[in-house]
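# Close look at the chain arrangement
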Amino acid sequence: MTTPAPFDSAASTGPADSRATLASPAAPAPVPSPTPAPAPAPSSAIRIVVADDHAVVRAGYAGLLATQADFEVVGTACDGAEAVRVCREELPDVVLMDVRMPVLDGIQATGELLGAEVAGSDAPRVLILTTFDLDEHVYDALAAGASGFLLKDVTAERLFEAVRVVAAGEALLAPAITRRLIAEFARLKPRAPAVSTLAGLTPRETEVLRLLAEGLSNPEIAARLHVGEETVKTHVSRVLTKLALRDRTQAVVMAYETGLVVPRSGSPA
């Protein structure tokens with residue numbers, strides 16, 4: 001009897017195990033990642049328009065502001081008329097406005113942007129740019145509604161701070177200099193007192209307005225009146241609302257122009 005040879009799986013000619021012959025599915029080819037687009041300005045970025053009739057100055061300010069992550073320069077203008085047009089198209093938060101420009105100067109442009117008939121929640125804050133601190137044109141621009149002014153030789157840090165301050169809804173009452181300018185030109189260009197304009201204020205609100213015009217901060221007013229700072233903030237807010245004023249700078253102008261505060265013969269310190 002012949003003994004069967006041992007089974008040699010390698011030499012077997014029988015059908016192969018179908019599980020072994022099924023090809024594994026090919027791995028999908030990697031999909032290249034798309035090139036990321038440049039990051040847009042943050043949604044909370046402060047939108048800025050720069051208006052100056054000197055191209056080098058205009059480009060310099062725009063380039064400097066663009067270095068800040070929370071700023072977005074949305075337009076520039078070479079005269080006041082163009083500034084008004086660009087602002088109405090782009091709705092910026094802040095405008096750097098040269099006071100002396102052709103076609104329409106900074107005062108007229110500020111008046112068009114912030115006039116009572118057009119000013120609203122979309123109206124920008126205006127920062128006036130000037131060469132001289134005691135400039136009659138700056139005074140007129142502040143009276144027209146500008147939130148403050150900057151000298152053209154301002155440092156970059158001061159410029160950035162000023163834009164952020166006015167964008168937050170505060171007035172740029174620089175250390176005594178804005179008040180000094182207002183007092184000086186209110187003295188040189190006296191207007192008929194209009195105390196009746198303030199008739200709607202309570203005695204305490206009138207006192208708060210007077211202290212504002214003296215240059216006191218909210219904590220200083222609170223200390224002077226022996227009340228809390230939140231109470232002062234409430235009074236300030238009511239004063240601005242009742243007098244239809246945008247900020248503290250306009251309140252200071254109003255205090256001088258109504259005769260509530262009388263300029264001294266010398267400029268205040």
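Above this text sits the structure in question.
In what follows, the accompanying structure is described. (Residues numbered from 1 in each chain as written. Predicted model: local features only at pLDDT ≥ 70, side-chain atom pairs only at ≥ 80, totals over all residues. Heavy atoms only, no water.)

Turning next to the environment of Leu216. Tracing the chain through its elements places Leu216 in the loop between helix H8 (203-213) and helix H9 (218-225). Contacts of Leu216, omitting those with residues within four sequence positions, involve Leu211, Ile221, Arg224 and Arg248. (Helix = DSSP H or I, 4+ residues; strand = E, 2+ residues; numbered from the N terminus. Contact = heavy atoms within 4.5 Å.)

Another point: helix H2 (residues 55-65). All of the buried residues in H2 are Arg58, Tyr61, Ala62 and Leu65. Along H2, the residues classed as buried sweep out an arc of 95° about the axis, all on the same side. Looking at the packing, one finds that the buried side of H2 touches strand E1 (46-51), strand E2 (71-77), strand E3 (94-98), strand E4 (125-130), strand E5 (148-151) and helix H6 (156-167). (Buried < 20%, exposed > 50% of the residue type's maximum accessible area, 1.4 Å probe, protein only. Arc of directions from axis to C-beta.)

Moving on to the packing of aromatic side chains. One pass over the full model with this rule turns up one aromatic pair. Taking the centre distance of 6.0 Å and the plane angle of 65° together, the rings of Phe71 and Phe160 count as edge-to-face. Here Phe71, found in strand E2, pairs with Phe160, found in helix H6; they are 89 residues apart in sequence, far enough to count as distant. For Phe71, a relative accessible area of 5% corresponds to the buried category. Judged by its relative accessible area of 9%, Phe160 is buried. (Phe/Tyr/Trp six-rings, centres within 6.5 Å; stacked < 30°, edge-to-face > 60°.)

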